[in-house]
Amino acid sequence: MSFVKTRDGAHIYYKDWGIGTPVVFSHGWPLQADIWDDQLNLVAENGYRAIAHDRRGHGRSTQTWHGNNMDTFADDLAEVIEQLDLRDVTLVGHSTGGGEVTRYIGRHGTDRVSRVLLLSAVPPLMLKTPQNPEGTPIGVFDDIRDGIRKERSQFYIDLTEMFFGANRPDNNVTQGNKEAFWLMAMQLGIRGALDCVAAFSETDFTEDLRRIDVPTLVIHGDDDQIVPIDAAARKSVEIIPDATLKVYPGAPHGLANVPGFKEQFNEDLLTFLKH
């Protein structure tokens, strides 16, 4: 297995497929790089170099007790990009990974980045505040933390219903999707899981979004039950200087893995890479 060693000694696992201009994928919570396998294979088969890492605490990376926050996640991504000496990178971030990508640019700029794709991403701010009334109340995130502490295995199984939209009529969600989600989630340490809930929900990415000075495609489903589109994508495209919003009618949060929506996303991803 391949790892990058960070400045604090953590080991960040990554997979690196194909040859060509690099496309770097950042996964959502509570998952890992494997959630991107369909897209990694797709872009590698189409002449790109596909790279995805496990965020610290997740998957095969070190389960650190400290550093489970957006600044550190962004710096870990920078370590991957710099140690592999990647340039002209397309950054693709889903959900929490969208926050990681955004904070990376806020902290490290776009010298190595040519374009950005934010999918069902958490910016600018998930938490409901007086200044962000469209956000999600803190009680929802407290319930997530309670679910992890009480019985995380069952909590993750239950979470797949909203994540993939399996609770909607006539959905195309497979049992395989749900079981793969559970398997990946169970490899996330409890400390990292709890810390990351605060990181993805309470971090304000507004100033980071303003620093994205490369072409950006924002994709979001209008039936996202995890990161509602009005509090996220619709706001982000108003802040990013050069952003285009593409809305998928009826699509859930985990649309890149649901038959029907997945094919649409894959097509849009390749089109974005080619332009």
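The structure under discussion appears in the preceding block.
Residues numbered from 1 in each chain as written. Predicted model: local features only at pLDDT ≥ 70, side-chain atom pairs only at ≥ 80, totals over all residues. Heavy atoms only, no water.

*Asks:* Quick question: what am I supposed to make of the overall build of the chain here?
*Replies:* Across its full length, the chain holds nine helices and eight strands. Looking at the 275 residues of the chain, the share that counts as buried comes to 58%. Counting contacts in the chain only where the partners sit at least 6 residues apart, residues at least 24 apart contribute 76% of the total. Summed over all atoms, the accessible surface of the chain reaches about 11100 Å², with 48% contributed by carbon and sulfur. Of the charged side chains in the chain, 27 are positive and 40 negative; the average position of the first set lies 3 Å away from that of the second. (Helix = DSSP H or I, 4+ residues; strand = E, 2+ residues; numbered from the N terminus. Buried < 20%, exposed > 50% of the residue type's maximum accessible area, 1.4 Å probe, protein only. Contact = heavy atoms within 4.5 Å. Areas by Shrake-Rupley, 256 points an atom, 1.4 Å probe, with all protein chains shown as cover. Lys, Arg positive; Asp, Glu negative; His and termini not counted. Charge placed at Lys NZ, Arg CZ, Asp CG, Glu CD.)

*Asks:* Sorry if this is basic, but what is going on with the packing of aromatic side chains here?
*Replies:* A ring pair, where both rings are aromatic, is described by two values, the distance of the centres and the angle of the planes. All chains considered together, the criterion is met by nine aromatic pairs. Both rings, one in phenylalanine 3 and one in tyrosine 13, keep their centres 5.7 Å apart while their planes meet at 70 degrees; by these two values the pair is edge-to-face. Taken as a pair, phenylalanine 3 in strand E1 (residues 2–5) and tyrosine 13 in strand E2 (residues 11–17) lie far apart in primary sequence, 10 residues in all. With a relative accessible area of 9%, tyrosine 13 lands in the buried category. Taking the centre distance of 4.9 Å and the plane angle of 50 degrees together, the rings of phenylalanine 25 and tryptophan 36 count as tilted. Pair noted here: phenylalanine 25 is in strand E3 (residues 21–26) and tryptophan 36 is in the loop between E3 and helix H1 (37–45), with a separation of 11 residues, a long-range link. Each member of the pair, phenylalanine 25 as well as tryptophan 36, carries the same accessibility label: buried. One cation-aromatic arrangement involves arginine 55 over phenylalanine 73; the distance from NZ or CZ to the ring centre is 5.6 Å. (Phe/Tyr/Trp six-rings, centres within 6.5 Å; stacked < 30°, edge-to-face > 60°. Lys NZ or Arg CZ within 6 Å of the ring centre and 35° of its normal.)

Note that all results are geometric; they support no functional claim without further evidence.
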